Amino acid sequence: MKIAGKTAIVTGGASGLGEAAVIRLHAAGANVVIADLNEEKGNALAAKLGDKAVFVKCNVTSVDDVKAAVNTAVEKFGALHILVNNAGIGSAGRTIGKDGPWNIEWFKMVVDINLVGAFNMLSNAAYQMDKNEPEDGEKGVIINVASVAAFDGQIGQAAYSASKGGVVAMTLPIARDLSRHLIRVNTIAPGTFDTPMLAQLPQAARDSLAASIPMPQRLGNPEEFAHLVQAIVENNYLNAETIRLDGAIRMAPK
């Protein structure tokens, strides 16, 4: 799909990997809806990018919020063609602790945001994309964001790995389902990237993470993630695939 003149929604688009995707798609000529909970950062990014960008406060687990984000794309820019399904949260907790089993409500919340929320967003986006006229044999492109934790989750990542593993597992059936509607679905599974979350770690911890990556031996750059987003959108034979973007890392148990 040609990006110029198209409209994209990027969830979790106010910072980190999402922000990089917003900037890349906007630079390629897309209108962008920045869907995030962080109003300050989201509005600041939209203001920086200008008329072809708008911020919408969005909790992906809320049907109303998701519909509002999709409706904003259509009302402001006329249609919706691209979704970067990036919103999510991390988690850490062992299956059992000194005081008993892990809090099941926390487990449910992580899965609800990372997996159920992702499906909520893509289902609503796909419904709107289906109204588009086909261009080069397609109506829309959906890019989910999982994690290498879907494949080699570490100790304490049970909820996170389960949620991201679910994103990977649903990629193929959803791509098959939406093929009749001419909508492609792919997933990116990032490794360890230099995001604001990791920036909070001590330098020694950051150096240790970088040293565990075979090649290149450094943290990933969010712009490299955004580059892959663009490549997926533009390559219309790429469908139902999960792509690890991780410098060949395989996560150790801890």
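The present account deals with the structure reproduced in this document. A quick note: this is a predicted structure, and the numbers were derived from the prediction, not measured.

As for the overall build of the protein chain
Regarding its fold elements, the protein chain presents nine helices and nine strands. With the C-alpha coordinates of the protein chain rotated into their principal frame, the extents come out at 55 × 35 × 35 Å. Here the protein chain holds 254 residues, and the buried ones make up 49% of them. A separation threshold of at least 6 residues defines the contact pool for the protein chain, and within that pool the share at least 24 residues apart is 68%. For the protein chain, the exposed surface amounts to about 12100 Å²; the carbon and sulfur share of it is 54%. On the protein chain, the mean spot of the 23 positive side-chain charges and the mean spot of the 25 negative ones are 3 Å from each other.

Some details on the packing of aromatic side chains
When we look at a pair of aromatic rings, we describe it by the centre distance and by the angle of the planes. Following the criterion strictly, the structure yields one aromatic pair and no others. Ring geometry for Trp102 versus Phe107: centroids 6.2 Å apart, planes at 85°, classification edge-to-face. For Phe107, a relative accessible area of 27% corresponds to the partly exposed category.

Observations regarding the side chain of His26
One can find His26 in helix α1 (residues 16-27). Here the side chain of His26 touches Leu49 through a polar contact of 3.3 Å, landing on its backbone oxygen. Residues contacting His26, with those up to four places away along its chain left out, are Val32, Leu49 and Lys52.

Observations concerning the environment of Asn85
Locating Asn85 in the fold gives a position in strand β4 (residues 82-85). Asn85 sits 73 residues away from Gly12 along the chain, and the two C-alpha atoms are 7.9 Å apart. Among residues more than four places away in sequence, those in contact with Asn85 are Thr11, Ala118, Met121, Leu122, Ile143, Asn144 and Val145. Of the polar contacts made by the side chain of Asn85, one reaches the backbone oxygen of Ala118; its length is 2.8 Å.

Considerations on the pairing of strand β8 (residues 183-190)
With respect to burial, β8 is a largely interior element, eight of its eight residues being buried. Residue alternation in β8 divides its side chains into two sets, Ile183, Val185, Thr187 and Ala189 and Arg184, Asn186, Ile188 and Pro190, and both sets are buried. Sheet topology places strand β7 (residues 140-145) next to β8; six bridges connect them, and they run parallel. Among the inter-strand pairings, Val141 is bridged to a residue of β8, identified as Arg184. Of the pairings in the sheet, the one linking β8 to strand β9 (residues 242-245) comprises four bridges and is parallel in character. Along β9, the bridge assignment pairs Ala189 with Arg244.

Describing the environment of Asn236
Its place among the elements puts Asn236 in the loop between α9 (222-234) and β9. Taking the C-alpha atoms as reference points, Asn236 and Gly156, 80 residues apart in sequence, are found 38 Å from one another. Here Asn236 is in contact with Met1, Asp136, Glu138 and Arg184, once residues within four sequence places are set aside. A distance of 3.4 Å separates a polar atom in the side chain of Asn236 from the backbone oxygen of Asp136.

Details of the environment of Phe119
Along the chain, the position of Phe119 falls in helix α4 (residues 104-129). Aside from chain neighbours lying at most four places away, what touches Phe119 is Met170 and Ile174.

Quick word on the side chain of Asn85
Owing to a relative accessible area of 4%, Asn85 belongs among the buried residues under this scheme. Engagement of the side chain of Asn85 in a polar contact is seen with the side chain of Asn144, the distance being 3.0 Å.

With respect to the pairing of strand β2 (residues 31-36)
Within β2, six of the six residues are buried, which leaves the element mostly enclosed by the surrounding structure. As paired strands, strand β1 (residues 7-11) and β2 are joined by five bridges and run parallel to one another. Across the sheet, Ala8 pairs through a bridge with Val32, a residue of β2. Where the polypeptide runs from β1 across α1 and back to β2, its parallel neighbour, the crossover connection is right-handed.

So, how was this worked out
- Residues numbered from 1 in each chain as written.
- Predicted model: local features only at pLDDT ≥ 70, side-chain atom pairs only at ≥ 80, totals over all residues.
- Heavy atoms only, no water.
- Helix = DSSP H or I, 4+ residues; strand = E, 2+ residues; numbered from the N terminus.
- Buried < 20%, exposed > 50% of the residue type's maximum accessible area, 1.4 Å probe, protein only.
- Contact = heavy atoms within 4.5 Å.
- Areas by Shrake-Rupley, 256 points an atom, 1.4 Å probe, with all protein chains shown as cover.
- Lys, Arg positive; Asp, Glu negative; His and termini not counted.
- Charge placed at Lys NZ, Arg CZ, Asp CG, Glu CD.
- Phe/Tyr/Trp six-rings, centres within 6.5 Å; stacked < 30°, edge-to-face > 60°.
- Polar contact = N/O pair within 3.5 Å; in protein donor to acceptor, adjacent residues only side chain to side chain.
- Pairing = 2+ DSSP bridges.
- Right-handed = clockwise from strand over helix to strand, strands pointing away.

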